[in-house]
Amino acid sequence: MEDRPITDKLVTSADWEPLIVAFFCNWCTYTAADLAGVSRMGYDHNVRVIRVMCSGRVDPQFVLDAFAHGADGVLIGGCHPGDCHYVEGNYKTLRRYYLLKRVLRDLGIEEGRLRLEWIAASEGEKVAKTINEMVEQVRALGPLRLTRRFKEWDAELASIEAQARSEEVATHA
Amino acid sequence: MPDKPKVAFYWCASCGGCEESIVDLAEDILEVAQAVDIVFWPVAMDFKRKHVEAMPDGSILATMVNGSIRTSEQEEMAHLLRRKSQILIAYGSCAHTGGVPSLANQFSKEQILRTVYEEAPTVVNEQKVRPQPRHPYDGTALTLPEFRGLVRSLDQVVEVDYYLPGCPPTPKLLKQAVLTLLSGQLPPKGTVLAPDTAQCDSCPRKESKPADLKITEFKRPHWTQIDPEKCFLAQGIICMGPATRSGCEAQCIKGNMPCTGCFGPTSRVRDQGAKILSALASSVDAREPEEIEKILGGIPDPVGTFYRYSLAKSLLRAKVTR
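The structure displayed is predicted, hence computed values, not measured ones.

Draft legend 1. Up close: the overall build of chain B. From N to C terminus, chain B includes 11 helices and 9 strands. A globule of 322 residues ought to have a C-alpha radius of gyration of about 20 Å, and chain B, at 22 Å, matches this closely. Dimensions along the principal axes, computed over C-alpha positions, put chain B at roughly 65 × 60 × 30 Å. A burial count over chain B gives 50% of its 322 residues as buried. If you sum the accessible surface of chain B, you get close to 15,300 Å²; carbon and sulfur atoms cover 53% of it. The positive charge centre, built from 38 side chains, and the negative charge centre, built from 38, are 3 Å apart in chain B.

Right under this line is the structure:
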């Protein structure tokens, strides 16, 4: 996972739109999102869906990395409790979700920016409803803009780097 | 006789334990001192910055810098030593991943200065004087380094060739590293000079770790009678072993204390805190939200525990709204 700012253009534009990264489980929520599509249910276009085999595959690193690369919100969709294709995966997700929410809160990322929702394969409508709700919630919170914040943090290093470079030029001249 | 290879040691924001660990080489330091010329080591030898500045660029074979980077002076020294050295090594947790000092990244510069210079119970400072980068005194200007807004690892400031992990690194790893450098058989750039396996893999209590941990309660080590033979996690005591690199010879564990994660993560892990969070949470033996939250409530400070040595190098680097 290298640094690869992908969304700076979107988050720094004046007409900011929330960007939500969604991790959907292959067996339930992703299938439900497909159903929403074929049923022509419209939902906000602010979401980028990533299909994973199980919500339990969502490493907390993925969530942090999404925020670090410009996401304003992260949505995790998995099977209802008891319905996990791999028996226990969604319970693990649930437990990680509670602890991750505490870490995010302590590191200054508002609670509403991470959401876990159980959505079964038949619940296309719930996909649309959840996404629309989350987009509204994140819109109300405003942009997170971590890629921009990181650049601002590093601006204090730029002066000393310029000085070091000019010294280098001076010594080699 | 050709000149011996030159090495240097420097410290930035650190406690001094890394310097101590070099002395911990004991008799082996003679072997090292015989093989190399130590050209700069402020804690032990009387060379000044101007001596380093006078050296030709790249004339030092290797410099080991310990400590994280908090001030403009430390940045300058990092740049200077980078320029003068063929190989720059981040020595110890602070230089490697930010270390304990980078836990300060949870607070703003203003919060830190206010606490230290105004609010600390032992401070009397009615005029609320704060240190200034420049202060006129008796016709001259006194200067202090700038205090940066963020604590950084060495590689967030200059390019680093190798890392020696640990709080502090063990004399054994240091000796191995010096011998490797002298052999000329250099590992790929960016290598952490310690085994690339998890702590659990070489833990003396490995056999007592159940396949399924089923944690029902988190206990704090200072409130618990710790079984000296059994896996800490199996006793409900947070151990960073699963998310930490091995190579420390399990010193804490042999002292009946859990791993706190100073060796940083293995090469496959980007964010040590997220990784231990994942391992611990999935091992909690509960399915209902209330029960899960109750058990996880036994971890009072997840950021301070999971990122004790690595907040600067974590994916978020700091509290994002400070």
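Draft legend 2. Fine view of the packing of aromatic side chains. Residue and element names in this part refer to chain A. Counted under the stated rule, the structure contains 6 aromatic pairs over all chains. On the basis of an interplanar angle of 35 degrees and a centroid distance of 6.0 Å, the ring pair of Phe23 and Phe62 is categorised as tilted. Here the residue Phe23 occupies a position in strand 1 (residues 20–25), and Phe62 occupies one in helix 3 (residues 60–68), the gap between them amounting to 39 residues. Pairing Phe150 with Trp153 gives two aromatic rings, centres 5.2 Å apart and planes at 50 degrees, and the pair type is tilted. Highlighted residues: Phe150 and Trp153, both in helix 6 (residues 146–172), separated by 3 residues, approximately one helical turn. In this structure Phe150 comes out as buried when scored by relative accessible area, which is 14%.

Draft legend 3. Geometry of the side chain of Thr29 of chain A. All names here are of chain A. As for its position among the elements, Thr29 is in helix 2 (residues 29–38). At 3.4 Å, the side chain of Thr29 forms a polar contact with the backbone oxygen of Gly77. At a separation of 3.1 Å, a polar atom in the side chain of Thr29 contacts the main-chain amide nitrogen of Gly78. Among all residues touching Thr29, those that are not within four sequence positions of it are Phe24, Gly77, Gly78, Ile119 and Val127.

Draft legend 4. Looking closely at a negative patch on the surface. A cluster of acidic residues, Asp285, Glu288, Glu290, Glu291 and Glu293 of chain B, forms a negative patch on the protein surface. Following the sequence through the fold, Asp285 of chain B ends up in the loop between helix 9 (272–282) and helix 10 (289–296).

Draft legend 5. Quick look at unusual backbone geometry. Omega for the bond connecting Cys167 of chain B with Pro168 of chain B falls within 30 degrees of zero, at -5 degrees, which places this linkage in the cis form. Following the sequence through the fold, Pro168 of chain B ends up in the loop between strand 9 (162–164) and helix 7 (171–183). The backbone of Val87 of chain A sits at a positive phi, close to 75 degrees, despite the residue not being glycine. Looking at the secondary structure, you find Val87 of chain A in the loop between strand 3 (73–78) and helix 4 (89–106). Looking at Val87 of chain A, the relative accessible area reads 56%, which means it is exposed.

Draft legend 6. Examining the interface of chain B and chain A more closely. Taken residue by residue, the interface counts 44 residues in chain B and 38 residues in chain A. Carbon and sulfur atoms supply 61% of the area that chain B and chain A bury against each other, a total of about 4,000 Å² over both sides. In terms of surface lost to chain A, no three residues of chain B exceed Arg287, Leu316 and Val320 of chain B, which account for 18% of the buried area on that side. Between the two partners, chain B and chain A, sit 5 salt bridges. We note a salt bridge from Asp59 of chain A to Lys275 of chain B, for which the minimum N-O separation is 2.4 Å. Remark: the boundary between chain B and chain A carries 21 residue pairs in polar contact (both at pLDDT 80 or more).

Draft legend 7. Fine view of the sheet that holds strand 1 (residues 6–11) of chain B. All names here are of chain B. Across the sheet, 5 strands lie side by side as 2-1-3-5-9; this open sheet has parallel pairing. Strands with a single pairing partner mark the edges of an open sheet, and in this sheet they are strand 2 (37–40) and strand 9. For this sheet, the mean angle separating the axes of adjacent strands, direction not counted, is 30 degrees. Contacting strand 1, strand 2, strand 3 (60–66) and strand 5 (85–91), helix 4 (residues 72–84) crosses the sheet at an angle of about 135 degrees to strand 5.

Draft legend 8. Representation of the sheet that holds strand 4 (residues 114–118) of chain A within the structure. Residue and element names in this part refer to chain A. The parallel open sheet is built from 4 strands, whose spatial order is 2-1-3-4. The open sheet has two edge strands with one neighbour each: strand 2 (47–52) and strand 4. Sheet twist, expressed as the average angle between the axes of neighbouring strands with direction ignored, equals 20 degrees. As paired strands, strand 1 and strand 3 are joined by 5 bridges and run parallel to one another. By the bridge assignment for strand 3, Phe24 is matched with Gly77. Contacting strand 3 and strand 4, helix 4 runs over the sheet at an angle of about 160 degrees to strand 4.

Draft legend 9. Local environment of the nonpolar core. Core analysis: the biggest nonpolar cluster contains 64 residues, and Phe67 of chain A together with Phe218, Phe306 and Tyr307 of chain B have the highest contact counts within it. The element contributing the most residues to this core is helix 4 of chain A, with 7 residues. Counting 52 residues, the second-largest nonpolar core is a separate cluster that includes Phe40, Met55, Leu61 and Ala90 of chain B.

Draft legend 10. Fine view of the pattern of salt bridges. All names here are of chain B. With the rule as written, the count across this model stands at 33 salt bridges over all chains. Lys175 is paired through a salt bridge with Asp28; the nearest N and O atoms lie 3.6 Å apart. You can see Lys175 sitting in helix 7 and its partner Asp28 sitting in helix 2 (residues 28–35), a full 147 residues away along the chain. Of the residues examined, Asp28 reaches a relative accessible area of 29% and is grouped as partly exposed.

Draft legend 11. Spotlight on the confidence of the model for chain A. Looking at chain A as a whole, its pLDDT mean stands at 90, while 85% of the residues score no less than 70. Confidence drops under a pLDDT of 50 for residues 1–6 of chain A, and excluding neighbours within four residues, the segment shows 10 contacts in the predicted structure.

Draft legend 12. Main features of a nonpolar patch on the surface. The grouping of Trp27, Met53 and Tyr86 of chain A at the surface amounts to a nonpolar patch, some 300 Å² of accessible area in total. Its place among the elements puts Tyr86 of chain A in the loop between strand 3 and helix 4.

Draft legend 13. Up close: the side chain of Ser246 of chain B. All names here are of chain B. Secondary-structure assignment places Ser246 in the loop between helix 7 and helix 8 (251–254). On the basis of relative accessible area, Ser246 is assigned to the buried category, the value being 3%. Discounting chain neighbours no more than four positions away, the residues touching Ser246 are Ala194, Pro195, Thr197, Ala198, Gln199, Ser202 and Phe263.

What counts, and where the lines are drawn
Residues numbered from 1 in each chain as written. Chains lettered and ligands numbered in written order. Predicted model: local features only at pLDDT ≥ 70, side-chain atom pairs only at ≥ 80, totals over all residues. Heavy atoms only, no water. Helix = DSSP H or I, 4+ residues; strand = E, 2+ residues; numbered from the N terminus. Rg over C-alpha atoms; globule rule 2.2 N^0.38 Å. Buried < 20%, exposed > 50% of the residue type's maximum accessible area, 1.4 Å probe, protein only. Areas by Shrake-Rupley, 256 points an atom, 1.4 Å probe, with all protein chains shown as cover. Lys, Arg positive; Asp, Glu negative; His and termini not counted. Charge placed at Lys NZ, Arg CZ, Asp CG, Glu CD. Phe/Tyr/Trp six-rings, centres within 6.5 Å; stacked < 30°, edge-to-face > 60°. Polar contact = N/O pair within 3.5 Å; in protein donor to acceptor, adjacent residues only side chain to side chain. Contact = heavy atoms within 4.5 Å. Patch = residues over 30% accessible without salt bridge, like charges linked within 9 Å, V, L, I, M, F, W, Y side chains within 5 Å. Salt bridge = Lys/Arg side-chain N within 4 Å of Asp/Glu carboxyl O. Buried area = accessible area lost by both parts, 1.4 Å probe. Pairing = 2+ DSSP bridges. Axes fitted to C-alpha atoms, helices over the stretch in contact; angles between N-to-C directions. Core = buried A, V, L, I, M, F, W, Y, C linked by side-chain atoms within 4.5 Å. pLDDT = per-residue confidence, 0-100.

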